[in-house]
Amino acid sequence: MEEKPKKKAAKKEAKGCNDVNCPIHGSLSTRGAVLEGDVASDKMDKTVVVQSDYKIRLNKYERYRSSKSRIPAHNPPCIDAKVGDRVRIRECRKLSRTVSFVVTEKLD
Ligand SMILES: [Zn+2]
């Protein structure tokens, strides 16, 4: 009587993502704002700073002043955004004192 060797867990997790705060593989849900920006810093652990530059019109001087917004966002290991990447971030529950956004995809 022959016995076939059982296959071990055929289901493989995508890139080994076991982050509970991943919007795709974890249990983190998003709601509210959806923003785009460029990654300005990836020095923190699983967190990036997403910066978007915009211009404000000054009516009195009929000119524009450039301004920027920097938002710390959670960076799940399966996305792993680096400095210079353009990303989309979505608002989620507060993950730490400063982080309440999560990176959901890289944009080309
Ligand atoms: Zn993931």
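Summarised in this report is the structure supplied together with it.

Thresholds, definitions, all that
Residues numbered from 1 in each chain as written. Predicted model: local features only at pLDDT ≥ 70, side-chain atom pairs only at ≥ 80, totals over all residues. Helix = DSSP H or I, 4+ residues; strand = E, 2+ residues; numbered from the N terminus. Buried ≥ 20, exposed ≤ 12 C-beta atoms within 10 Å, placed from the backbone. Contact = placed C-beta atoms within 7 Å. Pairing = 2+ DSSP bridges. Core = buried A, V, L, I, M, F, W, Y, C linked by C-beta atoms within 7 Å.

### Thoughts on the overall build of the chain
Thought 1: Per the secondary structure count, the chain includes 0 helices and 5 strands.
Thought 2: Along the chain, helices and strands appear, N-terminal first, in the series β-β-β-β-β.
Thought 3: Sorting the 108 residues of the chain into buried and exposed places 18% on the buried side.
Thought 4: Residue pairs in contact within the chain that sit at least 24 positions apart in sequence constitute 51% of those at least 6 positions apart.

### Focus on the pairing of strand β3 (residues 63-74)
Thought 1: Pairing between strand β2 (residues 47-58) and β3: 12 bridges, direction antiparallel. Counterpart to serine 52 in the pairing with β3 is serine 69.

### Some details on the nonpolar core
Thought 1: In terms of nonpolar packing, the biggest core is built from 13 residues, with Ala73, Ile89 and Val103 touching the most fellow members.
Thought 2: Going through the elements one at a time, β2, β4 (86-92) and β5 (101-107) are the ones with two or more residues in this core.
Thought 3: Apart from residues lying up to four places away in sequence, valine 103 is in contact with Val48, Ala73, His74, Asn75, Pro76, Ile79, Ala81, Val87 and Ile89.

### Examining the pairing of β2
Thought 1: Taken together, the 3 bridges between strand β1 (residues 30-41) and β2 define a ladder with antiparallel strand orientation. In the sheet register, aspartate 38 faces β2, and the bridge partner there is glutamine 51.
Thought 2: Between the antiparallel neighbours β2 and β3 lie 4 residues, among them glutamate 62 with a positive phi of about 50 degrees.

### Remarks on unusual backbone geometry
Excluding glycine, residues mostly carry a negative phi; peptide bonds, for their part, are mostly trans.
Thought 1: A positive phi is found at glutamate 62, a non-glycine position, where the angle reads about 50 degrees.
Thought 2: Inspection of the secondary structure puts glutamate 62 in the loop between β2 and β3.
Thought 3: Phi is positive for aspartate 80, which is not a glycine, with a value near 50 degrees.
Thought 4: Turning to its location among the elements, aspartate 80 is positioned in the loop between β3 and β4.

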